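Structural overview for review
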Amino acid sequence: MYSEKAKKHADACRFCYMCRHLCPIELVTGKENNTPRAKGLQVSMMERGMKMDKGSAVTMYECLLCGACTADCVTGFDPLIFIREARTHAMLEELTPDFAQKVIDKLMETGNAYGAKESKVNYEGIAEEGETLVWLGNAARYAVPDVAEALFALLKKAGVAFAALKDEPASGCELGDMIGHVEDVRVQAKAAAAAIQKTGAQKVIVLDSHDAAFFLHECKDWGIDLPEIVTATAFVEGLINEGKIAPKKVDEVVSYHDAARLARDMCELEPARNIIKAMGADLHEMYLNEKDNKNPENKACGSFVRARECGSSIMGQMKPELSVLLCEKRYTDLLRTDSKILVAADPQATEALRLSIPEDVEYRDLFVMLNERI
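None of these values were measured; they are calculated from a predicted model. (Residues numbered from 1 in each chain as written. Predicted model: local features only at pLDDT ≥ 70, side-chain atom pairs only at ≥ 80, totals over all residues. Heavy atoms only, no water.)

**Here we look at the pairing of strand β3 (residues 203-206)**
Bridging between strand β1 (residues 132-135) and β3 involves four bridges; their strand directions are parallel. Residue pairing across strands places Leu 133 opposite Val 204, the latter belonging to β3. The pairing of β3 with strand β4 (residues 228-231) spans four bridges and is classified as parallel. Residue pairing for β4: Lys 203 is matched across the bridge by Glu 228. (Pairing = 2+ DSSP bridges. Helix = DSSP H or I, 4+ residues; strand = E, 2+ residues; numbered from the N terminus.)

**Remarks on the packing of aromatic side chains**
Counted by the stated rule, this structure contains five aromatic pairs. Note on Phe 214 and Trp 222: the rings are 5.7 Å apart at their centroids and 80° apart in plane angle, and the pair reads as edge-to-face. Members of the aromatic cluster, joined through ring pairs, are Tyr 123, Phe 152 and Phe 162. Of note, Arg 186 hangs over the ring of Trp 222, and the distance from its end group to the ring centre comes to 5.4 Å. If you follow Lys 319 out to its NZ or CZ, it ends over the ring of Phe 99, 4.6 Å from the centre. (Phe/Tyr/Trp six-rings, centres within 6.5 Å; stacked < 30°, edge-to-face > 60°. Lys NZ or Arg CZ within 6 Å of the ring centre and 35° of its normal.)

**Things to note about the packing of helix α3 (residues 36-47) against helix α4 (residues 54-61)**
Packing of α3 against α4 brings their axes to within 10 Å, and their N-to-C directions diverge by 140°. The orientation of α3 with respect to α4, classified from their angle, is oblique. Crossing handedness for the pair α3 and α4: left-handed. For the pair formed by α3 and α4, the contact residues are Lys 39, Gln 42, Val 43 and Met 46 on the first element and Ser 56, Thr 59 and Met 60 on the second. The class makeup of the residues in the contact of α3 with α4 is three nonpolar, three polar and one charged. (Axes fitted to C-alpha atoms, helices over the stretch in contact; angles between N-to-C directions. Parallel < 35°, antiparallel > 145°, perpendicular 65-115°, else oblique. Left-handed = near helix turned anticlockwise from the far one by under 90°. Contact = heavy atoms within 4.5 Å. Nonpolar A, V, L, I, M, F, W, Y, C, P; charged D, E, K, R; others polar.)

Rendered as structure tokens:
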């Protein structure tokens, strides 16, 4: 059975087409099944007696959980609620698609979607206890370690005393995306919180926006105690404002990609842009950005709520071919501007956007770029 909240949202979404043009998965597949409306209709039908089948389960996993639909809904409904619950049902009814099950198995066994046993990050000289802890997340630890190492280097240059866990546990965020926010996910979240508390940290600098949003929202809702949580972008912006790091200025034109959870879940839009401007770059916004926002209700987050998502680590492991299509679509947005340089400030975005970089175009991770300028 679905929760009353999920049923309410599914029933509201099943007859509404207003967000279909914003779904990044539907835009690259052209499949009506991939729209939030189609998913809502299926959940509504299941509540009225239709059995979930393998096709319906596949549909529920062909979703980034990026929140483009939710953020643009003027009536306040949230398809992610019933999509996550549908994934829980698929698991309980043993209908989870093979491409998703293999990722779930890796998350349960190793805590990461890659099935990796050891992090690729160089932790030499970094303490594991201290008042300030850097939380890297799985993408930085296993897929794009240069991003983690660039952040470490920036903090050292700024004279920040910090710690990082060589055996950083899973936050629970990725497992929650795959099977819904069930007890197994809360167990992972509690273990992560316990590991953080053990370091003596009073502040946690979180590099991966998925983990940051999970700590600030789900963990808070569950009453899981955590120290102050700050995103890496906001923290590094503060270092620049305080004069602790001073980047070399280079006159160039760049565009910035907003990571979905950084922009939509946490309404953080300015820190990364301010860092780019501190490096002397001329920022040319891509299609669907804050200048396109005509809805005063969205002033808190700007209209980056509408910005197209480029993919995620989970989707990259589930359906790599789909991740490439999402990546290519985002570069199409870039090429509509005067810029040939795309910048992002999230490890999962970096992992996704490095999949298929067009000729004569450059991709840069914000932290790597900044570290090279200091």
